[in-house]
Structure formats: C-alpha cells, structure tokens
Amino acid sequence: MTSVIQSMLQRYECKNTEDYKNALKEIIQEVALCGLARGDFFKEAAFYGGTALRIFYGLDRFSEDMDFSLCSPDPAFSLSKYFSFLEEELAAAGFSLTVEQKTKTKESAVQSAFIKGETLIQLLKIVPSKPLVAGLQSGEQIKIKFEIDTNPPPLASYETKYALLPIPYAVKMYDEASLFAGKLHAVLCRAWKNRVKGRDFYDLVWYLSRGTKPNLPHLQKRLEQSEKWNPSETLTLPVLKEMLCERFKEIDFEAAKKDVRPFIQDERKLDLWSTEFFTAIINS
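Keep in mind that this is a model prediction, so the values were computed, not measured. (Residues numbered from 1 in each chain as written. Predicted model: local features only at pLDDT ≥ 70, side-chain atom pairs only at ≥ 80, totals over all residues. Heavy atoms only, no water.)

## Re the pattern of salt bridges
Using the following cut-off: Within this document, salt bridges are pairs made up of a side-chain nitrogen of Lys or Arg and a carboxyl oxygen of Asp or Glu, the two lying within 4 Å of each other. Counting from the N terminus, the helices are the DSSP runs of H or I reaching at least four residues and the strands are the DSSP runs of E reaching at least two. Exposure is judged per residue with a 1.4 Å probe applied to protein chains only, and the accessible area is read against the type maximum: over 50% gives exposed, under 20% gives buried, and values in between give partly exposed.
A complete count under the given rule lists 25 salt bridges for this structure. The partner of Arg 199 in a salt bridge is Asp 259, and the shortest N-O contact between them spans 2.9 Å. Note that Arg 199 is positioned in helix α7 (residues 198–210) and Asp 259 in helix α10 (residues 253–260), a separation of 60 residues in sequence. An identical accessibility class is assigned to Arg 199 and Asp 259; each is buried. When salt bridges with common partners are traced through the structure, they connect Arg 61, Lys 183, Arg 190, Asp 200 and Asp 203 into a single cluster.

## What to know about the environment of Gly 49
Rules: Two residues form a contact once any of their heavy atoms are found within 4.5 Å.
Tracing the sequence through the fold places Gly 49 in the loop between β1 (45–48) and α3 (50–57). Distance from Gly 49 to Asp 252, taken between C-alpha atoms, is 23 Å for residues 203 residues apart in sequence. Aside from chain neighbours lying at most four places away, what touches Gly 49 is Asp 67 and Leu 179.

## Focus: the nonpolar core
How we decide: Residues enter a nonpolar core if they are buried and are Ala, Val, Leu, Ile, Met, Phe, Trp, Tyr or Cys, with the set joined through side-chain atoms within 4.5 Å.
Within the largest apolar cluster, 92 residues are counted, with the highest numbers of intra-cluster contacts made by Phe 41, Phe 47, Phe 68, Phe 95, Phe 146, Phe 201 and Trp 273. Counting residues per element, this core draws most heavily on helix α2 (residues 17–38), at eleven residues. Not counting residues within four places of it along the chain, the set of residues in contact with Phe 95 comprises Ile 5, Leu 24, Ile 27, Ile 28, Val 31, Leu 90, Gln 122, Lys 125 and Ile 126.

## Examining helix α8 (residues 216–225)
The criterion, for reference: In protein, a polar contact means a hydrogen-donor-capable atom and an acceptor-capable atom, both N or O and within 3.5 Å, with residues adjacent in sequence counting only if both atoms are side-chain atoms; elsewhere, any N or O pair within 3.5 Å suffices.
By the criterion of burial, α8 is predominantly enclosed, with seven of the ten residues buried. When we look at burial in α8, the residues that qualify are Leu 216, His 218, Leu 219, Gln 220, Arg 222, Leu 223 and Glu 224. On its buried side, α8 packs onto β1, β7 (169–174), α6 (176–189) and α9 (237–248). Backbone nitrogen of His 218 and a side-chain oxygen of the N-cap are separated by 3.0 Å at the start of α8; the cap is Asn 215. One or two positions beyond α8, positive phi appears at Glu 227, with a value near 60°.

## Details of the packing of α9 against helix α11 (residues 275–283)
Packed helix pairs are characterised by how far apart their axes lie and by the angle those axes make with each other. The criterion, for reference: The axes used here are C-alpha line fits, helices contributing only the stretch in contact, and every angle between their N-to-C directions lies in the interval 0 to 180 degrees. Each angle receives one of four descriptions, namely roughly parallel if under 35 degrees, roughly antiparallel if over 145, roughly perpendicular if within 65 to 115, and oblique otherwise. Three residue categories are used. Nonpolar comprises Ala, Val, Leu, Ile, Met, Phe, Trp, Tyr, Cys and Pro, charged comprises Asp, Glu, Lys and Arg, and polar comprises the others, including Gly.
Contact pair α9 / α11: the axes reach a minimum separation of 9 Å and the direction vectors enclose 170°. Judged by the inter-axis angle, α9 sits roughly antiparallel to α11. Taken together, the residues of α11 that come into contact with α9 (itself represented by Lys 241, Leu 244, Cys 245 and Phe 248) are Thr 275, Phe 278, Thr 279, Ile 282 and Asn 283. When its residues are assigned to classes, the contact of α9 with α11 shows five nonpolar, three polar and one charged.

## Remarks on the environment of Tyr 169
Within the fold, Tyr 169 resides in strand β7. The class for Tyr 169 is buried, based on a relative accessible area of 6%. In contact with Tyr 169, not counting residues within four places along its chain, are Glu 30, Leu 33, Cys 34, Ala 37, Lys 161, Tyr 162 and Ala 163.

## With respect to unusual backbone geometry
Here the bond from Leu 165 into Pro 166 is cis, since omega is 10°, no more than 30 degrees from zero. Following the sequence through the fold, Pro 166 ends up in the loop between β6 (158–163) and β7. Positive phi, normally seen in glycine, also occurs at Glu 227, with a value near 60°. Positionally, Glu 227 belongs in the loop between α8 and α9. Taking relative accessible area as the criterion, Glu 227 reaches 74% and is therefore assigned exposed.

## Looking at the packing of α6 against α8
Stated formally: Handedness of a crossing is defined here by the sense of rotation of the near helix relative to the far one, left-handed for an anticlockwise turn of less than a right angle and right-handed for a clockwise turn.
Interaxial distance between α6 and α8 falls to 9 Å at its minimum, and their mutual angle equals 35°. In this structure, the crossing between α6 and α8 has a hand that is right-handed. Contacts from Ser 178, Ala 181, Gly 182, Leu 184, His 185, Leu 188 and Cys 189 of α6 reach α8 at His 218, Leu 219, Arg 222 and Leu 223.

## Things to note about the packing of aromatic side chains
The geometry of an aromatic ring pair comes down to the distance between the two centres and the angle between the two planes. Operational definition: The rule is short: rings of Phe, Tyr and Trp, with Trp giving its six-membered ring, pair when the centres are within 6.5 Å, and they are stacked under 30 degrees, edge-to-face over 60, tilted in between. A positively charged side chain is recorded as over a ring if its NZ (Lys) or CZ (Arg) lies within 6 Å of the ring centre. The angle to the ring normal must also be within 35 degrees.
One pass over the full model with this rule turns up 20 aromatic pairs. Taking the centre distance of 5.1 Å and the plane angle of 85° together, the rings of Phe 41 and Phe 68 count as edge-to-face. Taken together, the positions of Phe 41 in the loop between α2 and β1 and Phe 68 in strand β2 (residues 66–70) put the pair 27 residues apart, joining distant regions of the chain. Residue classification places Phe 68 among the buried residues on the basis of a relative accessible area of 1%. A centroid spacing of 5.0 Å and a plane angle of 25° characterise the contact between Phe 47 and Phe 68, whose relative ring orientation is stacked. Highlighted residues: Phe 47 in strand β1 and Phe 68 in strand β2, separated in sequence by 21 residues. For the pair Phe 47 and Phe 68, one class covers both residues: buried. Through a chain of ring-to-ring contacts, the aromatic side chains of Phe 41, Phe 42, Phe 47, Phe 56, Phe 68, Phe 77 and Tyr 82 assemble into a single cluster. One residue, Lys 161, lies across the ring of Tyr 57, its end atom 4.6 Å from the ring centre.

Have a look at this one:
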C-alpha cells in the first residue's frame, strides 16, 4: 500500500471487514476522480449524485456509484477514451483493477462502465492485519459503476471543488441547487419496481436539513425530458411540493429503510420515516 493510500485510510474508523470494504470503495472512487481530472475529463463533464455529495459535501452515507453528466449534449462522446487515465491512476495507487465498458441492452443516452477487481486482493493492500478480512470469500469482486449522461437537460449551474489526495486535483460539479434538482427528479421519477431506493429519501432529508433551495428551471427541464412536465407551463415551488406529497403516498417506507441501512451508521435517523413525516418536512 502506498503512503498516500495510508493517509486516505486514516480518515476512517474501520473496525471490521465491512468498514474496510466501504473505505476501500470510497478511496478507489477518489483515485478514479483524480485519474479523470488528469485526463481533462472535467473540461466537458461534471460530477453529481450521492458520491459527489459524500466526497465533497460530507454526506454521512456511503455511495456505490459515480454519476457524471456532459455539460452539453454530445451523441459522439466516448467514455472509453478515459479508461487508460483511470487504470494508470489506480495502478499508481497500488490497486490491481480494470475498467470495462458496460454493453448496452437498449438505446440510451447514458454510457456506463465498471471499475472491477478482486475484493480480497485490494483489501490486503490497505488492511493492517489479515484477521480483519477473515471469512471474506476468495473471488468476491469489487465493482464500482460509473456512468455519464451524454444528453443532459439544460440550465444546470456548476462549481469547481478541489481535493488534495491522492494528489491535488480539481473537479467540476453541479452546484448544490442543481444537485438538489437532480435528487428531486429521482424522487419523483425513478422507476423503483420492487426495490424502493431509500437513499433518495435519505439524501432528500439531508438537503432539507441544510435549507438547500432547488434549481427549479433545471428540475423543470429534467421533468420535461422524462415527459413528466408540460413545457408550456412553469414549475413553481408550491406545485413541486404538491407533486412530492403525492409521490410520498406511493412509497413503502419500510422498504426504503431496508435499502439505506447498509450505507449508514446511525439507524435512528430512519425512525420517523413515513408518508406523514416526509409530507410535513416538505411543507415546513
């Protein structure tokens, strides 16, 4: 393990294998961001989503995937041209990982790829003693998905954030209001099927606790792209609140709690989750 990765690991209070696995994923995410920055990825793309909140805003839950958006539509964009920068940066940090494009099964403006490798091999590079990974199955794979929207809705705003490890680098991100707009779109429009994504609701509470105001014009464009809003009308905050309250009535909040529990440390934060709770905090 390099001294840089040791420095990154010291930020975590790992007590068991699961703690180390979560720390490993997050460290790999940060090294990957550094590689993308070195390849000038952020000249044409921006970082958003739960992992962006976790790394740059201190969101207190772990996040599995990395989400990006082009700053303007480009159907000819190729995510694969950045794979070499990712792999070189990960190798320089001491990891044995590969980057693979995900094959599309249907036409979509979203391009996806995975950072992959054997979990045990990577953990042994960062865990100080082997007993802490006892019982971990050989062959278990770590897989971190990252994807980019090549046809982004307009009117997002951006800011630049800086990180110091593994080396100083800069990341273009959606600003907080535009990040909140993206999360509200997920709450309103995500097709959960049989698995409610409780992480969306956890993040919603986080934004509200900060008093964040959403970028309504950008949210409207997202809703229009999803065919959930009439472009001839203007989205207002009162109408948004009504839409959210209707959505809350559809949610199985016990299932939502189950989804988010593996990603947080204090489950008491979920005690009040219910339709009534979310309706009240949206209207407060």
